[in-house]
Amino acid sequence: MIQDSSLPRFDAHTHLFHDRGFLKTLLEEERLRVLIINITGEALFEAPMEQRWEAMKAMKDRYPSRVALCTTFDPSPVTETGFADHVIERLRRHIEAGATAVKVWKDIGLAVRDEEGRFVQIDDPRFEPIWGFLADRDVPVIAHTGEPRAAWQPLDKESPHYRFYSENPTYHLHGRDDVPDWATVMEARDRWLEQNPDLTVVGAHLGSMAHDVDMVSDRLERYDNFYVDTAERFGDLVTQSSQKVRAFFEQHADRIVYGTDVIVEHPADRVSEAQRAQEKEAYESMLANHWDYLTSGDSILVQDKLVDPVRVSGLNLPSSVVQAVCHDNAAKLYGWENEPRSSPARSGV
């Protein structure tokens, strides 16, 4: 197990819209960096998208060397005249305000429709001017395309997604003929990657292929512009042999980005003391647990959001792989030089 606590950390998939005391400790004293991501899923959060963006900028102002920002855009008016121009102008303003990445969500592919009622996929040519604008500026796109394959399969108590789809049936697509299937969305994503070789794309949630790291590996080998993040998919990793997952991390150490998908939605004064304590415990324990899984060779219980703990052997990754995955790749993608190791001891986050 890696005992060197001076390795820097970067959680490159968060929705930390508001500050907390424990975040100040993590960011300033323990040198954690975070990417705060905005998304178009208005039903997911109480505050509208623009209000979240303002809160994100306030977090960046508070922690300028610890926080990076990822903006987004609404794809639903894609059929309207001037759509791409309006989006590009908005993204230009947000990049000037500090955004170093752009998020696209699963509404592209599974919700947005064209004039004929057909689902608009990520490779739709009406998006192309946007991708060209971002490629010219070396701004990566974080793409949450589709859902885990389990969304289209019958509920299975052995699946890491059983709890989520049981509690959120709207997102469970099994047996529905009114939405595209998983393969259709993935094939459109692959065409998009091929058509835009100069655009850097980070496939959120292991590219919606987390059930099989060999499938992820195939795409990383096929598309030089493709990266993946681990957000909320440790539950899928532990269903596969540790030997297989370790080989995946070692082979693609320069293309995998660590992330958690942690959420802090409301200002502190709208959250009870007990809820704030729960937020602190959940985030700190998740960071520590993921660290143990990546660095330890011991038998450990691995916990992820909405997933029951699973006992597996840790990956016991070399420190060079851990530093690349847990910091350096994100630092390179999102606009920071690599941070050197520090000498002060840190707790095991």
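Shown above is the structure to which this text applies.
Each chain has its residues counted from 1, running along the sequence as written. Only residues with pLDDT of at least 70 are given local features in this predicted model, and only at 80 or more are side-chain atom pairs given and counted; all residues enter the totals for whole chains, interfaces and linings. By convention in this description, side-chain values take in all heavy atoms of the structure and omit both hydrogens and water.

K.L.:
Looking at this structure, I do not really get the overall build of the protein. What am I missing?
P.N.:
Numbered from the N terminus, helices here are DSSP runs of H or I no shorter than four residues, and strands are runs of E no shorter than two. Regarding its fold elements, the protein presents 13 helices and 11 strands. C-alpha atoms define the radius of gyration in this analysis, and the globule rule sets the expected value at 2.2 Å times the number of residues to the power 0.38. Its C-alpha atoms give the protein a radius of gyration of 19 Å, within 12% of the compact-globule value 20 Å for 349 residues. Oriented by its inertia axes, the alpha-carbon framework of the protein measures out at about 60 × 45 × 40 Å. Relative accessible area decides the class of each residue, using a 1.4 Å probe on protein chains only: under 20% of the type maximum gives buried, over 50% gives exposed, and in between gives partly exposed. Buried residues in the protein amount to 56% of all 349 residues. The contacts in the protein between residues at least 6 apart in sequence include a share of 72% that link residues at least 24 apart. For the protein, the exposed area adds up to about 14900 Å²; of that, 47% sits on carbon and sulfur atoms. Contact criterion: two residues are considered in contact whenever any of their non-hydrogen atoms come within 4.5 Å of each other. Computed with the Shrake-Rupley method and a 1.4 Å probe, the accessible areas treat only the protein chains shown as cover for residues.

K.L.:
Honestly, helix H1 (residues 21–29) in this entry has me stumped. Any pointers?
P.N.:
Along an α-helix, residues three or four positions apart point the same way, because every turn accommodates 3.6 residues. Those residues of H1 that fall on the buried side of the exposure criterion are Phe 22, Leu 23, Leu 26 and Leu 27. One side of H1 holds all its buried residues, which, seen down the axis, span an arc of 125 degrees. Within H1, the exposed residues directed more than 90 degrees away from the buried face are Gly 21 and Glu 29. Packing partners of the buried residues in H1 comprise strand S1 (9–16), strand S2 (32–37), helix H2 (49–62), strand S3 (67–72) and helix H12 (273–295). What the arc describes is the spread of directions from the helix axis to the C-beta atoms.

K.L.:
Explanation requested: the packing of helix H3 (residues 83–96) against helix H5 (residues 128–136) in the structure shown.
P.N.:
Axis angle and axis distance: for two packed helices, these are the angle between their axes and the distance between the axes, and together they describe the pair. Lines fitted to C-alpha atoms define the axes, with helix axes restricted to the stretch in contact, and inter-axis angles between N-to-C directions lie between 0 and 180 degrees. It is at 9 Å that the axes of H3 and H5 come closest, and there the two elements cross at 25 degrees. Our classification of the angle between H3 and H5 gives roughly parallel. As for how H3 packs across H5, the hand of that crossing is right-handed. Facing H3, whose interface residues are Phe 83, Ala 84, Val 87, Ile 88, Leu 91, Arg 92 and Ile 95, H5 presents Pro 129, Ile 130, Phe 133 and Leu 134. Classes in brief: Ala, Val, Leu, Ile, Met, Phe, Trp, Tyr, Cys and Pro nonpolar; Asp, Glu, Lys and Arg charged; the others, Gly included, polar. Within the contact of H3 with H5, the residues separate by chemical class into 10 nonpolar, no polar and 1 charged. The scheme is simple: roughly parallel for angles under 35 degrees, roughly antiparallel for over 145, roughly perpendicular for 65 to 115, oblique for anything else. Crossings are classed by handedness, with left-handed meaning an anticlockwise turn of the near helix from the far one by less than a right angle and right-handed meaning a clockwise turn.

K.L.:
Would you explain the environment of Trp 152 in this entry?
P.N.:
Mapped onto the fold, Trp 152 is located in the loop between strand S5 (141–143) and helix H6 (162–167). For Trp 152, a relative accessible area of 14% gives the class buried. Residue contacts for Trp 152: discarding those within four places in its chain leaves Leu 110, Glu 147, Leu 173, His 174, Val 179, Pro 180, Asp 181 and Trp 182.

K.L.:
For this particular structure, what's the right way to read the sheet that holds S3?
P.N.:
In sheet architecture, strand pairing relies on hydrogen bonds along the backbone and comes in two forms, parallel and antiparallel. Strand order in this open sheet of 9 strands is S8-S7-S6-S5-S4-S3-S2-S1-S9, and the pairing throughout is parallel. Single-partner strands in this sheet number two, and they are strand S8 (256–257) and strand S9 (262–264). Inspection of the sheet shows S5 paired to strand S6 (residues 201–203) by 3 bridges, in the parallel sense. Bridge assignment links Val 141 to a residue of S6, and that residue is Val 201. Strands were regarded as paired on the criterion that DSSP finds at least two bridges between them.

K.L.:
Would you explain unusual backbone geometry in this entry?
P.N.:
Most of the time, phi is negative for any residue but glycine, and the peptide bond is trans. Residue Asp 138 is not a glycine yet carries a positive backbone phi of 55 degrees. Note on placement: Asp 138 falls in the loop between H5 and S5. Relative accessible area serves as the criterion here: at 65%, Asp 138 is assigned to the exposed category. In this structure, Asp 261 is a non-glycine residue whose phi angle is positive, near 75 degrees. In this structure, Asp 261 sits in the loop between S8 and S9.

K.L.:
Can you help me understand the pattern of salt bridges in this one?
P.N.:
Two side chains of opposite charge can pair, provided their charged atoms sit close to one another. Salt bridges, as used here, are contacts in which a Lys or Arg side-chain nitrogen is within 4 Å of a carboxyl oxygen on Asp or Glu. In this structure the tally under the stated criterion is 23 salt bridges. Here Glu 46 ties to Arg 270 by a salt bridge, and the two come within 3.0 Å at their closest N and O atoms. With Glu 46 in the loop between S2 and H2 and Arg 270 in the loop between S9 and H12, this pair connects stretches of sequence that are 224 residues apart. Residue class for Glu 46 comes out exposed when judged on its relative accessible area of 55%. Residue Glu 54 is joined to Lys 57 by a salt bridge in which the shortest nitrogen-to-oxygen separation is 3.3 Å. One end of the pair is Glu 54 and the other is Lys 57, both in helix H2 and 3 residues apart, which spans about a single turn. Among the residues examined, Glu 54 registers a relative accessible area of 45% and is labelled partly exposed.

K.L.:
Explanation requested: the nonpolar core in the structure shown.
P.N.:
Nonpolar side chains tend toward joint burial in soluble globular proteins. Counting residues in hydrophobic clusters, the biggest one holds 110 residues, and the most contacted among them are Ile 130, Trp 131, Phe 249 and Tyr 293. The dominant element in this core, judged by the number of residues it contributes, is helix H13 (residues 319–333), at 7 residues. Ignoring any residue separated from it by four or fewer positions in sequence, one finds Trp 131 in contact with Phe 73, Val 104, Ile 122, Val 141, Trp 192, Asn 196 and Leu 199. Among buried residues, those of type Ala, Val, Leu, Ile, Met, Phe, Trp, Tyr and Cys that are joined through side-chain atoms within 4.5 Å constitute a nonpolar core.

K.L.:
What's the story with helix H11 (residues 242–251) in this structure? I'm lost.
P.N.:
Along H11, the residues classified as buried are Ser 242, Val 245, Phe 248 and Phe 249. Here the buried residues of H11 occupy an arc of 125 degrees about the axis, which is enough to place them on one side.

K.L.:
Is there a simple way to think about the environment of Asp 178 in this case?
P.N.:
Examined against the element boundaries, Asp 178 turns out to sit in the loop between H6 and helix H7 (182–195). According to the relative accessible area criterion, Asp 178 is partly exposed, its value standing at 38%. When the C-alpha atoms of Asp 178 and Leu 110 are compared, they prove to be 9.6 Å apart, with 68 residues separating the residues in sequence. Apart from residues lying up to four places away in sequence, Asp 178 is in contact with Arg 113 and Phe 119. Side-chain polar atoms of Asp 178 contact the side chain of Arg 176, separated by 3.0 Å. N or O atoms closer than or at 3.5 Å make up a polar contact, with two conditions inside protein: a donor-capable atom paired with an acceptor-capable one, and, for residues adjacent in sequence, both atoms drawn from side chains.

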